[in-house]
Amino acid sequence: MGIQNILWQVAKKSFTGSIIGLTISDRCCSVVPVRGDSMSPTFNPQRNSYLDDYVLVDKFCLKDYKFARGDVVVFSSPTNFGDRYIKRIVGMPGEWISSSRDVIRVPEGHCWVEGDNKTSSLDSRTFGPIPLGLIQGRVTRVLWPPQRISKIGQ
């Protein structure tokens, strides 16, 4: 009976820890890897490196869509919901944006995002304005690798 009791206690604590972890990840913050060089030099500054940056994503900003120009955000692709992108907001609702082809007014409820490395970025120049509802959070810090730990500014 002793081993069953220990296994039951471990199972309960694991389940409780998992629920708490999922809640924090869904509601508060999460850690996301940055793949590719579309945000270089802000993230992954060394090309062809096997060490991707990992960033902390704050989700409290989602409550009232509290974003500003210059914020780096994680959002779901408007064309494939399973894909996530990390880009910088360069235009807010109602602002005028000059793209390579023409001048565009960002519609209400949307924002215009672009990668810091414009030659290697799929962003609003490809997708058009991004609905604010697709944003999953604001990047606040680089957490990995250790030599790059820092706060992300606008």
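Residues numbered from 1 in each chain as written. Predicted model: local features only at pLDDT ≥ 70, side-chain atom pairs only at ≥ 80, totals over all residues. Heavy atoms only, no water.

- The name an unreviewed UniProt entry assigns to the protein chain is Mitochondrial inner membrane protease subunit 2, from the organism Arabidopsis lyrata subsp. lyrata.
- Its UniProt record, at the heading Subcellular location (unreviewed entry), says of the protein chain: "Mitochondrion inner membrane". (UniProt positions renumbered as here; feature names shortened; annotations may be inferred.)

### Some thoughts on the pairing of strand S1 (residues 29-33)
Looking along a regular strand, one sees the side chains alternate between the two faces of the sheet.
Alright, step 1. Here S1 shows one buried face, formed by Ser30 and Val32, and one open face, formed by Cys29, Val31 and Pro33.
Alright, step 2. As judged from the five bridges shared by S1 and strand S2 (residues 54-58), these two strands associate in the antiparallel manner. The partner of proline 33 across the bridge, within S2, is tyrosine 54. (Buried < 20%, exposed > 50% of the residue type's maximum accessible area, 1.4 Å probe, protein only. Helix = DSSP H or I, 4+ residues; strand = E, 2+ residues; numbered from the N terminus. Pairing = 2+ DSSP bridges.)

### Comments concerning the environment of glutamate 114
Alright, step 1. With respect to the helices and strands, glutamate 114 occurs in strand S7 (residues 110-114).
Alright, step 2. When the C-alpha atoms of glutamate 114 and valine 90 are compared, they prove to be 6.7 Å apart, with 24 residues separating the residues in sequence.
Alright, step 3. Dropping the residues within four chain positions of it, glutamate 114 is found in contact with Met39, Lys87, Arg88, Val90, Asp123 and Arg125.
Alright, step 4. One polar contact links glutamate 114 to tryptophan 112, side chain to side chain, over a distance of 2.9 Å. (Contact = heavy atoms within 4.5 Å. Polar contact = N/O pair within 3.5 Å; in protein donor to acceptor, adjacent residues only side chain to side chain.)

### Side note on unusual backbone geometry
Alright, step 1. The step from serine 40 to proline 41 runs through a cis peptide bond, and the omega angle for that step is 10°.
Alright, step 2. With respect to the secondary-structure elements, proline 41 resides in the loop between S1 and S2.
Alright, step 3. Along the chain, tryptophan 144 connects to proline 145 via a cis peptide bond; the corresponding omega equals 5°.
Alright, step 4. Examined against the element boundaries, proline 145 turns out to sit in the loop between strand S9 (135-144) and strand S10 (150-151).

### Here's the deal with the side chain of asparagine 117
Alright, step 1. On the secondary structure map, asparagine 117 appears in the loop between S7 and helix H2 (124-127).
Alright, step 2. Under the relative-accessibility criterion, asparagine 117 is labelled buried at 9%.
Alright, step 3. Looking at asparagine 117, its side chain comes within polar contact range of the side chain of threonine 119, at 2.9 Å.

### So, the packing of aromatic side chains
Alright, step 1. In the structure shown here, the tally under the stated rule is two aromatic pairs.
Alright, step 2. When the centroid spacing of 5.8 Å and the interplanar angle of 35° are considered together, the rings of phenylalanine 75 and tyrosine 85 count as tilted. In this pair, phenylalanine 75 is assigned in strand S3 (residues 72-76) and tyrosine 85 in strand S4 (residues 84-91), connecting sequence segments 10 residues apart. In terms of burial, phenylalanine 75 and tyrosine 85 fall into one category: buried.
Alright, step 3. Plain terms: the ring middles of tyrosine 85 and phenylalanine 127 are 5.4 Å apart, the flat faces sit at 55° to each other, and that makes the pair tilted. (Phe/Tyr/Trp six-rings, centres within 6.5 Å; stacked < 30°, edge-to-face > 60°.)

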